[in-house]
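This is what each chain is made of:
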Amino acid sequence: MFSIKNNYQQIQQRILLAEQQANRVDEVQLLAVSKRHTMDKIVSLHQLGQLDFGESYLQEAIEKIEQLQQYPIIWHFIGPIQSNKTRPIAQLFDWVHSVDRLKIAQRLNDQRYQGKTALNICLQVNINTETSKSGFSLSEVNSAVEQVINLPQLKLRGLMAIPKKSAYIDQQKQNFALLKEKFNQLNQQFSLNMDTLSMGMSGDLEAAISQGATIIRVGSALFGERDK
Ligand SMILES: *Cc1c(COP(=O)(O)O)cnc(C)c1O
């Protein structure tokens, strides 16, 4: 029988084990990816103590955020961003993981309320330069960082990637290691304290944690198959 509580405990166990194997203690945060899942499931998981939820489809996300206003949920946007849809993203979310071009960063900055804390963002990197995926290439991301750090309403927290799927853990690790290496290099080059590597999903979270992930984005392993 489907039990969100069981799934939650299993994921927490997987995180703990992967952290132990990497000699890391309490460094990995779970982002529950609730896209295409009902609000009931979000509330159930929230009541078990989960605070951070990720959504990919803006219209669906807006409805959920409005309906669930009474819950102190931290909302993360992780999906593709159309430039004419940045305003609600800038205003409703606490985090955006999928900033994939400078124009989007600029618009999010301009549309974030002045009175609100800066919007936490990650730059999305297209690790395997797949045409089906968005994101900066590894070579473009340095100049993007240089510009984004001057936008006052954005707080650059780190990098995000969705590497090419692989069934081989060594291949998964290699991809995540590339992101980690770039992350370290950027912190050094620009004297930054970026603290977030958003990488790893239901199928490859162990590999991601072994390579330094600080946020893993887990959907199906928590909520089951998506509803629509
Ligand atoms: C859907 C999605 C996830 C979650 O994927 P699962 O395989 O269901 O864990 C993570 N990150 C992004 C960007 C997604 O769109």
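See the structure above.
From a predicted model like this one, the values you see are computed outputs, not experimental measurements.

Student: Is there a simple way to explain the site of the ligand in this structure?
Tutor: Close to the ligand lie Val33, Lys35, Ser56, Ile78, Ile162, Met201, Ser202, Arg217, Val218, Gly219, Ser220 and Arg226, which account for all nearby residues. Between Ser220 and the ligand, the recorded distance is 2.8 Å, taken from a backbone N or O atom to an oxygen atom. Compared with its free state, where it exposes 390 Å², the ligand has 87% of that area covered by protein. Here the residues of the shell around the ligand are counted per class, giving five nonpolar, four polar and three charged.

Student: Before we go on, may I ask you to explain the pairing of strand β5 (residues 119-125) in this structure?
Tutor: Taken residue by residue, a regular strand's side chains alternate between the two faces of the sheet. With seven of its seven residues buried, β5 lies for the most part within the structure. Of the pairings in the sheet, the one linking strand β4 (residues 95-99) to β5 comprises three bridges and is parallel in character. Within β5, the residue paired with Val99 across the bridge is Leu123. Regarding topology, helix α5 (residues 102-111) serves as the crossover connection from β4 to the parallel β5, and that connection is right-handed. In this fold, the crossover linking β5 to strand β6 (residues 154-161) by way of helix α6 (residues 141-148) has right-handed handedness.

Student: Quick question: what am I supposed to make of the environment of Asn193 here?
Tutor: Residue placement: Asn193 occurs in the loop between α7 (169-189) and β7 (196-198). Residue classification places Asn193 among the exposed positions, given a relative accessible area of 74%.

Student: Looking at this structure, how should I read α5?
Tutor: The set of residues buried in α5 consists of Ile104, Ala105, Leu108, Asn109 and Gln111. Against α4 (86-92), β4, β5, α6 and β6 lie the buried residues of α5.

Each value, and the rule that gives it
- Throughout, a residue's number is its position along its own chain's written sequence, starting from 1.
- The predicted nature of this model means local features are confined to residues of pLDDT at least 70 and side-chain atom pairs, given and counted, to a pLDDT of 80 or more, with totals for whole chains, interfaces and linings taken over all residues.
- Note that the side-chain values use all heavy atoms of the structure and ignore hydrogens as well as water.
- By convention in these notes, a residue is near a molecule or strand provided one of its non-hydrogen atoms lies within 4 Å of it.
- Distance and chemistry together define a polar contact, namely a pair of N or O atoms within 3.5 Å, with one atom able to donate a hydrogen and the other to accept it when in protein, and with adjacent residues in sequence counting only for side-chain atoms on both sides.
- Only the protein chains shown count as cover for residues, with accessible areas throughout obtained via the Shrake-Rupley method and a probe of 1.4 Å.
- Each residue is assigned to one of three groups, with Ala, Val, Leu, Ile, Met, Phe, Trp, Tyr, Cys and Pro labelled nonpolar, Asp, Glu, Lys and Arg labelled charged, and all others, Gly among them, labelled polar.
- To sort residues, take the accessible area from a 1.4 Å probe on protein chains only and compare it with the maximum for the residue type: under 20% means buried, over 50% means exposed, and anything in between is partly exposed.
- Every helix listed is a DSSP run of H or I at least four residues long, and every strand listed is a run of E at least two residues long, numbered separately from the N terminus.
- Strands are labelled as partners when DSSP assigns at least two bridges between them.
- Looking down the strands as they point away from the viewer, one classifies a crossover as right-handed if the path from the first strand across the helix to the second runs clockwise.
- By definition, residues are in contact when any of their heavy atoms lie within 4.5 Å.

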